[in-house]
Amino acid sequence: MNILLFEDNLLWSSRLMKTLTALGYAPQVVTQVPETTDAEMAIVNLGSPTLGACVKELNARGIHVIGHAGHKEKDLLALGKEVGCDTLATNSELTFKIEALLARLRANK
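Residues numbered from 1 in each chain as written. Predicted model: local features only at pLDDT ≥ 70, side-chain atom pairs only at ≥ 80, totals over all residues. Heavy atoms only, no water.

J.: Help me out: how do you make sense of the overall build of the protein chain in this one?
T.: The secondary structure content of the protein chain amounts to four helices and five strands. When the helices and strands of the protein chain are placed in sequence order, the string is β-α-β-β-α-β-α-β-α. For 109 residues, the compact-globule formula gives about 13 Å, and the C-alpha radius of gyration of the protein chain, at 12 Å, lands near that figure. Counting only C-alpha atoms, the protein chain reaches 30 × 30 × 30 Å along its principal axes. (Helix = DSSP H or I, 4+ residues; strand = E, 2+ residues; numbered from the N terminus. Rg over C-alpha atoms; globule rule 2.2 N^0.38 Å.)

And the structure:
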């Protein structure tokens, strides 16, 4: 299954790419919503000023979204809820519970 990774932090993008690939997903790092995609899920770094705006477009295309931010960034997590993320996670939850987060998102679609 293809997953769009909206991540402009090189450390996070490489970590997530390795993890998702090991879990059997086909991640693609992007900075904007592709014109065409068969991805059913996306992971969005809400801490990036340029990436959070894509959530509404992803929702309109039926792509389910996990938004993530630091555990102290309550305002960004609230923004993720406001713009329509299906699931919100702190960075540590994304690191240690990504498999469960993706399974829950797939089950709810």
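J.: Just to check I follow, could you spell out the pattern of salt bridges for this structure?
T.: It is possible for side chains of opposite charge to pair when their charged atoms get near one another. Inspection of the entire model under this criterion finds one salt bridge. Note that Glu57 and Arg61 form a salt bridge whose closest N and O atoms lie 3.1 Å from each other. Judged by its relative accessible area of 37%, Glu57 falls in the partly exposed class. For Arg61, a relative accessible area of 35% translates into the label partly exposed. (Salt bridge = Lys/Arg side-chain N within 4 Å of Asp/Glu carboxyl O. Buried < 20%, exposed > 50% of the residue type's maximum accessible area, 1.4 Å probe, protein only.)

J.: Got a minute to help me understand the nonpolar core in this structure?
T.: Burial of nonpolar side chains together is a common tendency in soluble globular proteins. Core analysis: the biggest nonpolar cluster contains 19 residues, and Leu4, Phe6, Val44 and Leu58 have the highest contact counts within it. At the level of secondary structure, the elements contributing two or more residues to this core comprise β1 (2–6), β3 (41–45), α2 (55–60), β4 (64–69) and α3 (74–83). The element that contributes the greatest number of residues to this core is α3, accounting for three residues. Counting 15 residues, the second-largest nonpolar core is a separate cluster that includes Tyr25, Ile43, Ile66 and Ala89. (Core = buried A, V, L, I, M, F, W, Y, C linked by side-chain atoms within 4.5 Å.)

J.: Any chance you could explain the packing of aromatic side chains here in plain terms?
T.: Aromatic rings considered in pairs are described by the distance between their centres and by the relative angle of their planes. Applying the stated criterion to the full structure yields zero aromatic pairs. The ring of Trp12 has Arg15 lying over it, and the distance from NZ or CZ to the ring centre is 5.2 Å. (Phe/Tyr/Trp six-rings, centres within 6.5 Å; stacked < 30°, edge-to-face > 60°. Lys NZ or Arg CZ within 6 Å of the ring centre and 35° of its normal.)

J.: Explain the sheet that holds strand β2 (residues 26–30) here, please?
T.: Through backbone hydrogen bonds, the strands of a sheet pair up, either in parallel or in antiparallel fashion. Pairing is parallel in the open sheet, where five strands are placed in the order β2-β1-β3-β4-β5. Pairing within the sheet leaves two strands with one partner each, and these edge strands are β2 and β5 (87–90). This sheet shows a mean twist of 20 degrees between the axes of neighbouring strands, independent of strand direction. Both β4 and β5 contribute to a ladder of four bridges, which runs parallel. Looking across to β5, one finds that His68 is bridged to Ala89. Each of β4 and β5 touches α3; the most contacted strand, β5, lies at about 165 degrees to it. (Pairing = 2+ DSSP bridges. Axes fitted to C-alpha atoms, helices over the stretch in contact; angles between N-to-C directions. Contact = heavy atoms within 4.5 Å.)

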